[in-house]
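In case you want the letters, here they are:
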Amino acid sequence: MTIRIAIAQCAPAIGAFKRNMELHIDWIARAKRERADLVVFPELSLTGYYVKDLAGDVACAADDRCLEPLVAASREIDVMAGFVERSADARLHIAEGYWHQGRLVHVHRKVYLPTYGIFDDGRYFGAGERFETFESAAGRAGIAICEDLWHVSVPYLYAAGGASVVFCPSASPGRGVAEGGDLGTAESCRLMDRFYAQYLTVYVVFANRVGHEDGIGFWGGSEVVAPDGTVVARAGEFEEQLLVADIDPALVARERARNPLLRDEREDLVLRTLSARLGLGSPRERDTRANEGLRRP
Amino acid sequence: MNERAIRPDPRDPSPLRIDEALVRKMLVGFLRDETAKARVRRVVLGVSGGVDSAVVAALAVEAFGAENVLALYTPYRTSSRHSRTDARAVAERFGFALEEVPITAQVDAYFAEAGGDVADRIRIGNKAARERKSIEYDRSWPDGLVLGTSNKTELLLGYGTQFGDMACALNPVGDLYKTQLRELAAHLDVPRRIIDKAPTADLWVDQTDEGELGFTYADADLLLYHMVDRRLRPDELIAAGFDADLVRRIRERVRRSHYKRVMPLIAKVSLRTIGHDFLYPRDWEED
């Protein structure tokens, strides 16, 4: 049985939440016409990316009424979309929600906030602190928002946590126009998508936006890469497109049978090595001590 | 995939090469998107007969159609007659109408009235550049945007008149070095004569950019590429074989002209100040 994923490679307006919500409803309808099980929107698709001081103006709680149209739409098709989340203690986060059958089932807050070069996320947003997997239409999944995916540990933790698909909603600016027919950023992203997919034996779903904000162009090029490293579907660059891809969850099992890297992965060694480096002692010793403490009468 | 390492080498200009088709697509998209956000569909630009404005005009015609491009040729009495011929050749090649608006009368009247030193060609040149821009802005009212034509080399060297030729609403070519812009010009089919002629601000007779700057664009572009784009320090550039004097002169030009590339300074006295901690996207859209 295959699962059909639609990626909305769209161009949200900056700071115009209501207009962007209308855009979402429109693209969700298009995805439904394509009989997709899930539609994935890029990073901050409801607000625009370089919001700067607008961040507070466009922010909302994850259960805010303004997100109700997505809740309603998700009764017929799963929806993943990006928004500025205001937490209960008034921090602002770059968030991506997953709505399923009229319910928000998962929110990922961007952990790695790029604050260098053309990026200033850290000035306006607080960092997320969790990498949790959840059940998506395409199987157990993790969300890595744009820069999150550039950190090797993130897809690794998701794969270790049981994910068979990693979603990467992005707002990646196109740059590096050297001769050779490809953007520098496109080359890097495709390399990552393929590497993670093949070596963690997961599907990678890269959903990038298009359009311009203050002279910076987002390059699109959304793609779905299978656990065998093949590109299932890839969108054009710098153009709006609803990209539809059929994924086969059984391929994950077949690839893992052929290539059991995850089965053989020594997570305990990773943990022990990092614990020692951070001066936290051996996890096994700590666990033993804690267990002994519990057993005491 | 480009698997060859890029090394700083004054004899190797290949790092400056661009993918022209990709850049063209990016710049046409930039013009369309950014004008749409401003809710305008018409642009104004000065076409001088040089390669920079020829490229911007070609991109604008592709983005908006020739009927939405107002191109102004604004000669001063010292302007070269070749400039007019070349400006017309660009208009003919890309199919837009070129309007001629001479600026001699107002520039000369100003200096005569003000009793200024009309022999000071820098002042006349700056005045002419600002006169031209004031006309472009006037002609953009009420539904157009002024396009800039300053390239990355000029902007980094500060080789332009502040609020004159450097002024604009949108600049599609400001991130392309002169060498790269010529490459794009050939791809866009700008007449060969215009690509190959000696670049000039044409502010006085027989002026050439390279004569005035004291180095060639080819040398400056490669040096700037490694200095700016690839972040090499002056001592690293010199160690890689770049001329030490050229490195120092160009670095100093970039430093001294930085004021031209930023918004005017505002003295901070209040709790929240424009430009300091009142930071909104320029493309701030309405809901």
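Since we're looking at a predicted model, the values are computed, not measured. (Residues numbered from 1 in each chain as written. Chains lettered and ligands numbered in written order. Predicted model: local features only at pLDDT ≥ 70, side-chain atom pairs only at ≥ 80, totals over all residues.)

**A short note on the overall build of chain B**
Counting its regular elements, chain B contains 12 helices and 4 strands. Its C-alpha atoms give chain B a radius of gyration of 20 Å, within 12% of the compact-globule value 19 Å for 287 residues. Along the first, second and third principal axes, the C-alpha set of chain B runs to 55 × 50 × 50 Å. Here chain B holds 287 residues, and the buried ones make up 39% of them. Across chain B, every contact between residues at least 6 apart in sequence was considered, and the portion connecting residues at least 24 apart equals 72%. (Helix = DSSP H or I, 4+ residues; strand = E, 2+ residues; numbered from the N terminus. Rg over C-alpha atoms; globule rule 2.2 N^0.38 Å. Buried ≥ 20, exposed ≤ 12 C-beta atoms within 10 Å, placed from the backbone. Contact = placed C-beta atoms within 7 Å.)

**Overview of the interface of chain A and chain B**
The interface of chain A with chain B comprises 27 residues on the first partner and 23 residues on the second. Secondary structure elements with two or more residues in the side of chain A that touches chain B: α1 (17–33) and β10 (212–213) of chain A. The dominant element in the side of chain A that touches chain B, judged by the number of residues it contributes, is α1(A), at 3 residues. Partitioning the side of chain A that touches chain B into residue classes produces 11 nonpolar, 8 polar and 8 charged. (Nonpolar A, V, L, I, M, F, W, Y, C, P; charged D, E, K, R; others polar.)

**Quick look at the sheet that holds strand β12 (residues 223–225) of chain A**
All names here are of chain A. Taken together, 6 strands build an open sheet; the order of strands is β6-β7-β8-β9-β12-β13 and the sheet is mixed. With partners counted over all chains shown, the strands left at the sheet margins are β6 (134–136) and β13 (231–234), one partner each. Strand-to-strand twist of the sheet, defined as the mean angle between neighbouring strand axes without regard to direction, takes the value 25 degrees. Packing of helix α7 (residues 184–199) onto the sheet brings it into contact with β8 (165–170), β9 (203–208) and β12, and relative to β9 it is tilted by some 155 degrees. (Pairing = 2+ DSSP bridges. Axes fitted to C-alpha atoms, helices over the stretch in contact; angles between N-to-C directions.)

**Brief notes about the environment of B:Val23**
Mapped onto the fold, B:Val23 is located in helix α1 (residues 20–37). When the C-alpha atoms of B:Val23 and B:Val173 are compared, they prove to be 9.9 Å apart, with 150 residues separating the residues in sequence. Sequence-distant contacts of B:Val23, defined by excluding residues within four places in its chain, comprise A:Val177, B:Ile18 and B:Leu184.

**Details of the nonpolar core**
Ranked by size, the top nonpolar core spans 145 residues in total, and within it A:Val205, B:Ala57 and B:Ala60 carry the most contacts. Here this core takes 11 residues from helix α2 (residues 51–64) of chain B, the largest share from any one element. Not counting the four nearest positions on each side in its chain, B:Ala60 is found in contact with B:Leu31, B:Val43, B:Leu45, B:Val69 and B:Leu147. Residues B:Val107, B:Ala128, B:Ala129 and B:Ala201 belong to the second largest nonpolar core, which totals 7 residues. (Core = buried A, V, L, I, M, F, W, Y, C linked by C-beta atoms within 7 Å.)

**Considerations on the sheet that holds strand β1 (residues 3–9) of chain A**
Residues and elements named next belong to chain A. An order of β5-β4-β3-β2-β1-β14 is seen for the 6 strands of this open sheet, with the pairing classed as mixed. Two strands bound the open sheet, and with one partner strand each, they are β5 (103–109) and β14 (241–247). For this sheet, the mean inter-axis angle between neighbouring strands, taken without regard to orientation, is 30 degrees. Across 8 bridges, strand β3 (residues 78–86) lies against strand β4 (residues 92–100) in antiparallel orientation. By the bridge assignment, Phe-83 is partnered in β4 with Ala-95.

**Regarding the confidence of the model for chain A**
Averaged over every residue, the pLDDT of chain A is 94; the share at 70 or more is 95%. pLDDT under 50 marks residues 293–297 of chain A. Its contacts with residues more than four places away, or in other chains, come to 0 contacts. (pLDDT = per-residue confidence, 0-100.)

**With respect to the pairing of β4(A)**
Residues and elements named next belong to chain A. Within β4, 7 of the 9 residues are buried, leaving the element largely enclosed by the surrounding structure. Counting the residues in the hairpin turn of β3 and β4 gives 5 residues, including Ala-90, whose phi is positive at 70 degrees. The pairing of β4 with β5 spans 6 bridges and is antiparallel. Following the sheet pairing, Tyr-98 is matched in β5 by His-106. Connecting β4 to the antiparallel partner β5 that follows it, the hairpin turn spans 2 residues, and Gln-101 within it adopts a positive phi of roughly 50 degrees.

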